[in-house]
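# Structural characterization, general
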Amino acid sequence: MAKEDPNEAQPAENGEPKKKKSFLKWIIIGVAALAVIGGGTFGAMQFLGSAKEKKQQQAAPKQAPAALWPMEPFIVNLADNQGDRYLKVTLELEVSDNACLAELNQIKPKLRDNILDLLTAKTYRDLMDLAGKQRLRDEIGMRLNSFLGTCKVTKVYITEFVIQ
């Protein structure tokens, strides 16, 4: 018979070596299970969130593109320097809808006259900086909206601007 070595690791009656291997195995299985559950939950939330966003985008009413109404260039003398400086400006108006274009064409002389009055009152110093140009856009929009009924000018674009 073979001799048994008393120093050889054998499972004790209380089973300590088996418990360590068994406990480590369950920890690894638990961590893996949590990772799978967490990844699945994250993926499901991302998928469902993007599906909701797509539904909201489809349900939102699409706005009609705004209509642009170009105007002929304005050439005016500025209020300073005894009329030595002049301004050439070309504008395009963005209106609330396409139906406004007919109304704008009907009152075009009134609109041009009002804009000419506004421009001739400006000085070189009023118009040179960015804030001055933005104020000019705002003033033109407010003046023109006072003449319009149901239509509104939503934005004024300056497409050409020369001071000489």
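Below is a short write-up of the structure. Since we're looking at a predicted model, the values are computed, not measured.

About the criteria used
Residues numbered from 1 in each chain as written. Predicted model: local features only at pLDDT ≥ 70, side-chain atom pairs only at ≥ 80, totals over all residues. Heavy atoms only, no water. Helix = DSSP H or I, 4+ residues; strand = E, 2+ residues; numbered from the N terminus. Buried < 20%, exposed > 50% of the residue type's maximum accessible area, 1.4 Å probe, protein only. Areas by Shrake-Rupley, 256 points an atom, 1.4 Å probe, with all protein chains shown as cover. Pairing = 2+ DSSP bridges.

### Some points on the overall build of the chain
- Helix and strand content of the chain: five helices and four strands.
- Listed N to C, the secondary structure of the chain is α-β-β-β-α-α-α-α-β in terms of helices and strands.
- Counting across all 164 residues of the chain, residues that qualify as buried make up 22%.
- Here the chain has roughly 12300 Å² of accessible surface; of this, 57% comes from carbon and sulfur atoms.

### Regarding the pairing of strand 2 (residues 74–77)
- Of the two faces of strand 2, only one is covered, namely that formed by F74 and V76; the face formed by I75 and N77 stays uncovered.
- The sheet contact formed by strand 2 and strand 3 (residues 86–95) spans four bridges and is antiparallel. When the bridges of strand 3 are listed, V76 appears paired with L87.

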